[in-house]
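Listed below are the residues making up each chain.
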Amino acid sequence: MKIGMILRPALIALLLALVVRPDWFVPVFAPLAPEGGPVIYQRASLLSLSLSHLGLVLMASLAATFVAVTLAIFVTRPAGAAFRPLSRTITNIGQTFPPVAVLALAVPALGFGAGPTLVALFLYGLLPIFENAITALSTLPPATMEAARGIGLSRWQRLVRVELPLALPVTLTGIRLSVVIALGTATIGSTVAARTLGEVIIAGLLTNNTAFVLQGGLIVGLFAVLIYDAMVLLERHLARRMGG
Amino acid sequence: MAWNLASPLAVLPGLAAVLLGLGLGLPAGFARLRLVGAVVGLAGLLWLLMQGAPALLDGAGEYARVSPAVGFWCLLVVLMLLMADALATMALGPMQRGAVLLTVIGALAIMLGSGVLADLSVMQEYAARRDAFVSELVRHLGLAFGSLAAAAVIGFPLGVLCHRREQLRGAILPVLSFLQTIPSLAMFGLMIPLLGWVGDTVPGAQAIGIAGIGFAPAFLALVLYSLLPVVGNTVAGLGATPPAALEAARGMGMTPAQRLLRVELPLGLPIILTGLRIVLVQNIGLAVIAGLIGGGGFGTFVFQGLNQTATDLILLGALPTVALALTAGIVMDILVELTRRTPKDTR
Amino acid sequence: MIEIDKITKTYGATQAVDSVSMTVETGTITVIVGTSGSGKTTLLRMINRLEEPTSGEVRINGESTLSLKPHILRRRIGYAIQGHGLFPHHTVARNIGAVPELLNWSRDKIAARVDELLDLFSMEPAQFRDRYPGELSGGQQQRVGVARALASRPDLLLMDEPFGALDPIIRTRAQEDLRRIQKRLGSTIMLVTHDMEEAIRLGDRVAVMDGGKLVQYATPPEIITHPATEFVANMVGDVERPLRLLSLIPLSEVVEEGSAEGEALPPEASLRDALSACLWTGRLAVPVVQDGRHMGRVTLDAIRARAELHT
């Protein structure tokens, strides 16, 4: 805990500085850049790439969360129970699909740019959320559910007031996994010409510029770690409030 | 669509089979019927593909290519899902699932080997690069299985240690899950300067293949990614022994090594193997990225294809990767189930 | 003979077991009884060194337990616990043969011993040998647990709440089985429980623990009639005392000449059984019959007189 108290603000500050004022880090990265070559990525500002990267992830994750949770609610109702085995099969098979392959396979169908990346992020993001939401909704404490029926809540009220709030922490874990995967997969998205931080890394790989690789990797890595950490904190807070 | 491509007479049986397959497979309730429907439908689809491609190519130039369009892929996905669903509903035992997997692989091999699909552009792409394909396949498998082996050799003892010492567990597991958070491209990218530096400074390192580019950085990145599932599942598996059984083992005079080998390990094996399954499937997928840093594997085709906007080249890399990952997942699931097969109720 | 000599266990500032000394005769059942936190389990676990004593020592047949490596010592001491602790991935036969296997007995010898023990616990060997624990009922699992603890003919059998997880009817049967098997094998048993009823029913001697101290170590009648402290008296339960005492005395002790009406009882039945029969059927005496031979009768007056004798 104590290490976190110091480390967390320090990492946030480092990330902000890297993104907003990359020129401060020229002395750090200079030894890694090829002689005479650029030290900091110039073709686009790191800030705009970061925003575009996060925007893609946010859009895909929001859509994936909405669709996955809706589907999970549907198959855990009596009316949708028949679809549950099929949905499980799809989830199991889907998670075996490599994210890179999903991305690559989306290109022939959707062309280059943000489109295939968004679709790949969305599709791949569905699975962990769906799986966790189903687990959460089908393992609620039976006594609580019985009590909710006993005090006369309607189905809809039970769903909104009891089931969804109780399922939230486990569902959030799924969302967290999904977001972290999306952050990574979005990086590869720049191989299909989506505007993400992967652009910096790939430019570095192509021009043998380790400075680019490092700054791109560092920024994406910091985003991933900090977002992961923030979501863990959120889950813990919610779990504690529910006495978990 | 197909009417214009080949004579109606040739297309009709295929079209009928696809429709029959969908008709048999879509109604819910009968798993066997659904399976039959899926097989019939797939056969029909294959027939259409066989008839359509030569008809299209007829009279076209030497460099003309045919590839199935979105309609084909959608039908393929629907029929495969029907098949998977039917198999899942039938709840086959591990041996039976193994047999089904072998049958499917066999059918696929016969189909590809017989040359009936040779006119398809992916197959032409394959024919043009047969040698490269084989060597990238070997490289891909080497990356995935090699990193799995290395991660198991490092991770398993580490997991046992973490299981024994709680402080060590508290220190190591967060570091490993931190490593997992790093996006794969960044991880691969960061390995390059790191190993480049090692290759340049440590004498003899370059001689054994440690360098900033190629196999070594990709391999190391994969190993680092694999450590969390291996160590985490080893700890979870060894910790899954019922406390009373452990107490009894201690009370009857088993040494720590005997407890590990006779009680904790056999009981935790399914969970440990599940960790290896995660690693294998994950690494088969991640090894694609090695193509970007000159590490070889199917990623080479994928990224070449992306660079040249050559869809068939992308498919040549992506399809085998998906097939490998699926096969590995199914095989490992069977193994996990076999090791779990002692009592019905393990409490 | 087991000698426990001023054994003490300290966790930080708390004394879990405070200088306990007691001697257990070979071939008897000693029950250690106490509330949770009384140190009874810690005391038991120090005997096979699952807990290392802070000071003091235990001698088995004159030999200090500290002279052996702990795991070697434990192979010579049987250990049965609540919730049986069977290995879920091993068959019944392998579970029972676990300690002989550790002691490198031959395969045939282990197999013979397993069948012998299954017979002893009234479980058909051919039927149960190859089953897994998950396929047994709770009572059967518990019996296999005890059989496993007895497999290598240990000098001493330690039992920690062995019947704690069983429901009342199976529990009574398991207690009777244990008594029967102990008599037959002449084993030395130390058993921990929180249930005074169980202690009185099973124990040749009962050791009452409170706050880490041994507050009384005596025969069951002594514990009932002369509780050493208020705590012991509470454990016995004031209201139940006369009945508990009567339940320890067989009819053969107070049988007298004469005849009585109604259903007869065997001489091993307790005075409590006779009292119960008298009250229920409105008789003043019950006949005592052994194997069809009339031995006399036990009267309500004689029961009352015997109950008043305790002082």
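Quantities reported herein were computed from a predicted structural model and do not represent experimental measurements.

Enquirer: Please give an account of the overall build of chain B that cites residues and values.
Expert: On a plain count of helices and strands, chain B comes out with 13 helices and zero strands. Each helix (α) and strand (β) of chain B, taken in turn from the N terminus, gives the series α-α-α-α-α-α-α-α-α-α-α-α-α. Burial status across chain B gives 42% buried among its 347 residues. For chain B, long-range pairs separated by at least 24 residues make up 71% of all intrachain contacts whose partners lie at least 6 apart in sequence.

Enquirer: If you had to explain the overall build of chain C to someone new, which residues and values would you point to?
Expert: Along the backbone of chain C there are 14 helices and 12 strands. Against the compact-globule benchmark of 19 Å for 311 residues, chain C has a radius of gyration of 22 Å, which places it among compact chains. With respect to the principal axes defined by its C-alpha atoms, chain C has extents near 60 × 50 × 30 Å. Split into buried and exposed, the 311 residues of chain C put 41% on the buried side. When contacts within chain C are restricted to residue pairs at least 6 apart in sequence, those whose partners lie at least 24 apart make up 62%.

Enquirer: Tell me about the interface of chain B and chain A, residues and numbers included.
Expert: Opposite the 37 residues of chain B that make contact, chain A presents 39 residues. Of all the secondary-structure elements, those providing two or more residues to the side of chain B that touches chain A are α3 (70-89), α7 (166-181), α8 (184-201), α11 (256-286), α12 (299-307) and α13 (311-339) of chain B. Element by element, the count of residues in the side of chain B that touches chain A is highest for α13 of chain B, at nine residues.

Enquirer: Pulling in residues and values, what's your account of the interface of chain B and chain C?
Expert: With 20 residues of chain B at the interface, the matching set in chain C holds 22 residues. Mapped onto the side of chain B that touches chain C, the elements with two or more residues apiece are α10 (243-251) and α11 of chain B. Of the residues forming the side of chain B that touches chain C, the biggest block, six residues, is contributed by α10 of chain B. A breakdown of the residues in the side of chain B that touches chain C according to their chemical character gives 10 nonpolar, five polar and five charged.

Enquirer: Describe the domain arrangement of chain C, listing the residues and the values that go with them.
Expert: Splitting chain C by domain gives domain 1 (2-237) and domain 2 (249-308). A C-alpha centroid distance of 35 Å is found between domain 1 of chain C and domain 2 of chain C.

Enquirer: How would you sum up the sheet that holds strand β1 (residues 2-11) of chain C? Please name residues and give values.
Expert: Paired through their backbone hydrogen bonds, the strands of a sheet run either parallel or antiparallel. Residues and elements named next belong to chain C. Read from one edge of the open sheet, four strands run β2-β1-β4-β5, paired in antiparallel fashion. This sheet does not close on itself; its edge strands, each paired only once, are β2 (14-24) and β5 (63-64). Alignment of strand β4 (residues 55-60) against β5, held across two bridges, turns out to be antiparallel. Directly across from R59, in β5, lies its bridge partner S64. Helix-sheet contacts for helix α1 (residues 40-47) involve β1, β2 and β4, and the interaxial angle to β2 is about 60 degrees.

Enquirer: Tell me about the nonpolar core, and name the residues and values.
Expert: Buried together is how nonpolar side chains tend to be arranged in soluble globular proteins. Core analysis: the largest hydrophobic core is formed by 131 residues, its most contacted members being A104, L121 and A133 of chain A together with V302 of chain B. Those residues within four positions of A104 of chain A in sequence are excluded, and the remaining contacts are V302, L306, I314, G317 and A318 of chain B. Formed by 85 residues, the second largest nonpolar core is a distinct cluster that contains V20, I81, V144 and I303 of chain C.

Enquirer: So what's going on with the pairing of β4 of chain C? Residues and values would help.
Expert: Looking down a regular strand, the side chains alternate between one sheet face and the other. All names here are of chain C. Sheet analysis places β1 next to β4, joined by five bridges and oriented antiparallel. Across the sheet, residue D5 finds its bridge partner in β4, namely E57. From the end of β4 to the start of β5, which pair antiparallel, there are two residues, and N61 there has a positive phi angle of about 50 degrees.

Enquirer: With reference to specific residues and values, describe the domain arrangement of chain B.
Expert: Residues and elements named next belong to chain B. Taken domain by domain, chain B comprises domain 1 (2-120) and domain 2 (130-339). Listed by partner, the interface residues are six residues for domain 1 and seven residues for domain 2. Here the residues of the side of domain 1 that touches domain 2 sort into two nonpolar, two polar and two charged.

Enquirer: Lay out the sheet that holds strand β8 (residues 189-193) of chain C with the relevant residues and their values.
Expert: Residue and element names in this part refer to chain C. The six strands are arranged β6-β7-β8-β3-β9-β10 in an open sheet whose pairing can be described as mixed. Of all strands in the sheet, those with a lone pairing partner are β6 (77-81) and β10 (213-218), marking the two edges. Each neighbouring strand pair of the sheet contributes to a mean axis angle of 15 degrees, computed without reference to strand direction. Both strand β9 (residues 205-210) and β10 contribute to a ladder of five bridges, which runs antiparallel. Its bridge partner lying in β10, D210 is registered against K213. α1 contacts β3 (29-33), β7 (156-160), β8 and β9 of the sheet and is inclined by roughly 155 degrees relative to β8.

Enquirer: Please provide a residue-by-residue account of the arrangement of the chains, values included.
Expert: The structure contains two pairs of chains in contact, of which chains A and B account for the largest number of contacts. Spatially, chain A is disjoint from chain C: no contact exists, and the shortest C-alpha separation is 24 Å.

Enquirer: Explain α11 of chain B residue by residue, including any values.
Expert: For α11 of chain B, spanning 31 residues, the distance from its first C-alpha to its last is only 38 Å, which falls clearly below the expected 45 Å at 1.5 Å a residue. Roughly 55 degrees is the biggest bend found in α11 of chain B, and it falls at L269 of chain B, with proline P270 of chain B one to four residues downstream.

Enquirer: Explain the environment of G170 of chain B residue by residue, including any values.
Expert: All names here are of chain B. Relative to the assigned elements, G170 resides in helix α7. Here G170 falls in the exposed class, since 10 other C-beta atoms lie within 10 Å of it. As for G170 and V153, which are separated by 17 residues in sequence, their C-alpha atoms are 21 Å apart.

Enquirer: So what about the packing of α7 of chain B against helix α9 (residues 215-238) of chain B? Which residues, and what values?
Expert: Residue and element names in this part refer to chain B. The N-to-C vectors of α7 and α9 enclose an angle of 140 degrees; their axes lie 8 Å apart at closest approach. It follows from the interaxial angle that α7 and α9 lie oblique. Judged by the twist between their axes, the crossing of α7 over α9 is left-handed. Counting all contacts with α7, which are made through R169, I172, L173, L176, S177, L179 and Q180, the residues of α9 involved are L224, Y225, L227, L228, V231, G232 and V235.

Enquirer: I'd like a description of unusual backbone geometry, backed by residues and values.
Expert: All names here are of chain C. With a phi close to 45 degrees, K6 is a non-glycine residue in the positive phi region. Residue classification places K6 among the exposed residues on the basis of 12 C-beta atoms within 10 Å. Its identity is not glycine, yet S19 carries a phi of approximately 45 degrees, on the positive side. Assignment of secondary structure puts S19 in strand β2.

Enquirer: Explain the pairing of strand β12 (residues 293-299) of chain C residue by residue, including any values.
Expert: Note: strand β11 (residues 285-290) of chain C against β12 of chain C, six bridges, orientation antiparallel. In the sheet register, A285 of chain C faces β12 of chain C, and the bridge partner there is T299 of chain C.

Enquirer: Any chance you could break down the packing of helix α4 (residues 94-113) of chain B against α13 of chain B for me, citing the residues and the numbers?
Expert: All names here are of chain B. Two elements in contact, α4 and α13, have axes separated by 9 Å at closest approach and are oriented at 160 degrees. Here α4 lies roughly antiparallel to α13, going by the angle between them. Relative to α13, the crossing made by α4 is left-handed. Mapping the contact onto sequence places P94, R97, G98 and L101 in α4 and T327, I330, I334, E337 and L338 in α13. Classifying every residue of the contact of α4 with α13 by side-chain character gives five nonpolar, two polar and two charged.

Enquirer: Lay out the confidence of the model for chain C in plain terms, naming residues and giving numbers.
Expert: In the predicted model, chain C carries a mean pLDDT of 90, and 100% of its residues have values of at least 70. Scored as a complex, the prediction yields pTM 0.79 and ipTM 0.79.

Enquirer: Any details on the environment of A264 of chain C? Residues and values, ideally.
Expert: All names here are of chain C. Summarising the element assignment, A264 is placed in the loop between α12 (241-248) and α13 (271-281). A sequence separation of 95 residues divides A264 from I169, and the C-alpha atoms of the two residues are 24 Å apart. For A264, the residues in contact, after removing those within four places along its chain, are V286, P287, V288 and V289.

Enquirer: Now, about the environment of L105 of chain A: what can you tell me, with residues and values included?
Expert: All names here are of chain A. On the secondary structure map, L105 appears in helix α5 (residues 99-110). The class for L105 is buried, based on 25 C-beta atoms found within 10 Å. Taking the C-alpha atoms as reference, L105 lies 8.6 Å from P116; in sequence the two are 11 residues apart.

Each value, and the rule that gives it
Residues numbered from 1 in each chain as written. Chains lettered and ligands numbered in written order. Predicted model: local features only at pLDDT ≥ 70, side-chain atom pairs only at ≥ 80, totals over all residues. Helix = DSSP H or I, 4+ residues; strand = E, 2+ residues; numbered from the N terminus. Buried ≥ 20, exposed ≤ 12 C-beta atoms within 10 Å, placed from the backbone. Contact = placed C-beta atoms within 7 Å. Rg over C-alpha atoms; globule rule 2.2 N^0.38 Å. Nonpolar A, V, L, I, M, F, W, Y, C, P; charged D, E, K, R; others polar. Domains from an automatic or database assignment. Pairing = 2+ DSSP bridges. Axes fitted to C-alpha atoms, helices over the stretch in contact; angles between N-to-C directions. Core = buried A, V, L, I, M, F, W, Y, C linked by C-beta atoms within 7 Å. Expected span 1.5 Å × (residues − 1). Bend = angle between axes of the 7 residues up to and from the residue. Parallel < 35°, antiparallel > 145°, perpendicular 65-115°, else oblique. Left-handed = near helix turned anticlockwise from the far one by under 90°. pLDDT = per-residue confidence, 0-100.

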